[in-house]
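Chain and residue survey
Here are the chains, one letter per residue:
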Amino acid sequence: MPSHRYSGAHERVEVPATEHRWADRRIGVAPLWVPVDLRDGNQALAEPMDPQRKRRFFELMVAMGYKEIEVGYPSASQTDLDFVRLIAESDIAPDDVTIVVFTPARRDLIERTVASIRGITNPVVIHLYTATAPIWRETVLRKDRDELRNLILAGGRDVLELAGHLSNVRFQFSPEVFNLTEPDYVLEVCDAMTELWDASPERPVILNLPATVEIATPNVYADQIEHMDRHLARRDSVILSVHPHNDRGTGIACAELAVLAGAQRVEGCLFGNGERTGNVDLATLALNLHAQGVDPMIDFSDIDEVRRTVEHCNRLEVHPRHPYVGDLVHTAFSGTHQDAIRKGLAEHRARAAAEGRSPRDVDWRVPYLPIDPADIGRSYDAVIRVNSQSGKGGIVYLLEEEYGLELPRLLEIDLSRHVQEHADRSGGEVSAESLWDVLHRAYLADGEVGDRFALVACDTADGDEGSRTRIVLALDGVEYRTEHAGVGPVEALGAALHELGADVDVLSLHQTSVGAGNDVEALTFVEYRRRGESAWAGGRDRSVLRASVVAVLAAANRLAAVPDPPGGDGHEQMRRTTQEEADR
């Protein structure tokens, strides 16, 4: 790579020396969030928002609790101008929402901007910007430091002349490309603006310091913000704001460190839309605070609806791996992750039950899930999904959640082999329904072509001499009737099979159920010995006893299809094998 063509941040701008106080701080309260989707985000869209989409987006942000919203660039776009006028002439903006309008430092454009807000009774911020970095001064604006300072102050005077008398209006200045501007120059310009606008605690000025093109590691931006925080004049009359972009993929970190360094306000877009790699993502920033126990003061309790609205308005899809909102961000395919999540969710529910509280109220500490998906309106349906990379933990979780099945550990191990074979063949994701089909084929299929044994009848009657169980079996189509005194149906079936030359060595029996309410059915799995190894068969019926009988009969048919080899008892070897697998 021709990396020699590029300079590091320290070669491009003087990075001020600071005490790095930000490194020892923690974020304890949310900053003021300012979504700029309707202006900065909108100008990055291939198809900018029409009035209907802008209004829907604005109403979403109001409903979520944003109290300051940049609504447009009225001097640059008729659509933006019309939308500002809609706010002025309707009640779509609640009284406590501050409206921000954006303008460059040019008198005719400032005049049009001030005209656009006429009649708005909400608090209003007029946001004036000018690029200040050397390459912009020299190449784009063709002005030296003094000339550019004079241009900025002229724009500030125009804003003051045209809107200074409006009691609901405050002012904001952005030295665009702040992060590439000399520290002494940006301080000089910012202090001149707060003096011109007579910043006071009662009418503070917003100084917004953008990382317009991200060029350094986040600690450098934090140092730059801390330098401004500590050296600005009228600091108690300034709201220090940041506007990080994501060119290096570290916009979130830049914003968080900037807040630690003294920033009180963060501009960005929902899910990070914006030019190039986008503006900093306000949703991720807010939910990062939530995950640290800090209330973000914004409502993301139905994040899927937020995403649907943003996708509709931007006509851009949110990536499935996008933090918090992506379709797959709470999903585990890996077997070890699935096992940890399944156990963590079980522990969470058990702890809530033990404390007599709702699972929504107890501390969240489930492995691999930074927050409870329910906090943002997500269900647990997609938390664990199965493919060829998955293990028994994911399989068991899906069967538990979808069908209520509780399987013994050795059966989990055996079932995972069948699922792995199915996943390898299909090459895709395995749904809960597909898992049920695999389980059914592996253990529950009965009446198959080639089965030697079929249960014709099984009933138990009590008499004077105790209970008697009648078994009617068909062996290769020929019926055999036997009666057994003093034993239950399972033992009676075992004896009947023995009389027909088929011994089923049942090692364990496990009963569970499938379904819910009136549709519940019993499900029995038997572990039996086949050719010296452990094997499983199952039965399903409304009756628990009949399900057990069907399971034993399924084992007999499997043994008849693959009989034990002559000689030797593989029982001990089988026991060792199953115990080793259980340990693994």
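Residues numbered from 1 in each chain as written. Predicted model: local features only at pLDDT ≥ 70, side-chain atom pairs only at ≥ 80, totals over all residues. Heavy atoms only, no water.

It is worth spelling out the packing of helix α5 (residues 107-116) against helix α7 (residues 145-163) at this point. As a packed pair, α5 and α7 sit with axes 10 Å apart at the nearest point and diverge in direction by 30 degrees. Relative to α7, the element α5 lies roughly parallel. Crossing geometry of α5 relative to α7 is assigned as right-handed. Note on element contacts: α7 touches α5 through Gly155, Asp158, Val159, Glu161, Leu162 and Ala163, opposite Arg107, Ile110, Glu111 and Val114. Per-class residue counts for the contact of α5 with α7 are 5 nonpolar, 1 polar and 4 charged. (Axes fitted to C-alpha atoms, helices over the stretch in contact; angles between N-to-C directions. Helix = DSSP H or I, 4+ residues; strand = E, 2+ residues; numbered from the N terminus. Parallel < 35°, antiparallel > 145°, perpendicular 65-115°, else oblique. Left-handed = near helix turned anticlockwise from the far one by under 90°. Contact = heavy atoms within 4.5 Å. Nonpolar A, V, L, I, M, F, W, Y, C, P; charged D, E, K, R; others polar.)

For the rest of this paragraph, the subject is the nonpolar core. Residues Phe58, Tyr66, Val71, Ile225, Leu270 and Phe300 are the most contacted members of the largest nonpolar core, which totals 90 residues. With 7 residues, the top contributor of residues to this core is helix α8 (residues 183-196). Tyrosine 66 has contacts with Trp33, Pro35, Met61, Val97, Leu270, Leu282, Ile298 and Phe300, leaving out every residue within four places of it along the chain. Listed in part, the 29 residues of the second largest apolar core include Val419, Val430, Leu435 and Ala442. (Core = buried A, V, L, I, M, F, W, Y, C linked by side-chain atoms within 4.5 Å. Buried < 20%, exposed > 50% of the residue type's maximum accessible area, 1.4 Å probe, protein only.)

This part is about the domain arrangement of the protein. The domains assigned to the protein are domain 1 (11-314), domain 2 (350-443) and domain 3 (453-561). The distance between the C-alpha centroids of domain 2 and domain 3 comes to 30 Å. Facing 14 residues of domain 2, the contacting portion of domain 3 comprises 13 residues. Of the roughly 1100 Å² buried between domain 2 and domain 3, counting both surfaces, carbon and sulfur atoms make up 62%. (Domains from an automatic or database assignment. Buried area = accessible area lost by both parts, 1.4 Å probe.)

The strand order across the open sheet formed by 3 strands is β9-β10-β11, and the pairing between neighbours is antiparallel. This sheet does not close on itself; its edge strands, each paired only once, are β9 (453-463) and β11 (478-485). Adjacent strand axes in the sheet meet at a mean angle of 15 degrees when their direction is disregarded. Here β9 pairs with strand β10 (residues 466-475) via 10 bridges, running antiparallel. Bridge pairing in β10 links alanine 457 to valine 472. On top of the sheet, helix α17 (residues 489-499) reaches β9, β10 and β11; it is set at about 45 degrees to β10, its chief contact. The strands that helix α18 (residues 544-561) touches are β9 and β10; relative to β9, the one it contacts most, it runs at about 145 degrees. (Pairing = 2+ DSSP bridges.)

Attention shifts here to unusual backbone geometry. With phi around 70 degrees, phenylalanine 271 is a residue other than glycine that occupies positive phi space. Secondary-structure assignment places phenylalanine 271 in the loop between β8 (265-268) and α11 (282-291). Classification of phenylalanine 271 as buried rests on a relative accessible area of 10%. If you check the backbone angles, methionine 297 has positive phi at about 65 degrees while not being a glycine. Checked against the element boundaries, methionine 297 lands in the loop between α11 and α12 (303-314). The exposure class of methionine 297 is exposed, given its relative accessible area of 58%.

Another aspect to go through is the pattern of salt bridges. For the coordinates displayed, the defined rule picks out 44 salt bridges. Between arginine 137 and glutamate 182 there is a salt bridge; the shortest N-O distance is 2.8 Å. Pair noted here: arginine 137 is in helix α6 (residues 134-141) and glutamate 182 is in the loop between β5 (169-176) and α8, with a separation of 45 residues, a long-range link. The class of arginine 137 is buried, set by a relative accessible area of 5%. Taking the shortest distance from any N to any O, the salt bridge between glutamate 347 and arginine 365 comes out at 3.3 Å. Separated by 18 residues along the polypeptide, glutamate 347 in helix α13 (residues 335-355) and arginine 365 in the loop between α13 and α14 (392-403) bring together distant segments of the chain. A relative accessible area of 32% means that glutamate 347 is categorised as partly exposed. The exposed category is assigned to arginine 365, whose relative accessible area is 53%. Taken together, the shared-partner salt bridges in this structure form one network comprising Arg137, Arg145, Arg149, Glu182, Asp184 and Glu188. (Salt bridge = Lys/Arg side-chain N within 4 Å of Asp/Glu carboxyl O.)

The 3 strands are arranged β12-β13-β14 in an open sheet whose pairing can be described as antiparallel. The sheet terminates laterally at β12 (506-514) and β14 (533-541), the two strands that pair on one side only. Looking at each pair of strands side by side, their axes are set apart by 20 degrees on average, direction ignored. Sheet topology note: the β12/strand β13 (residues 521-530) ladder contains 8 bridges and is antiparallel. Counterpart to valine 514 in the pairing with β13 is glutamate 521. The sheet strands contacting helix α16 (residues 432-444) are β12, β13 and β14, and the helix crosses β14 at an angle near 110 degrees.

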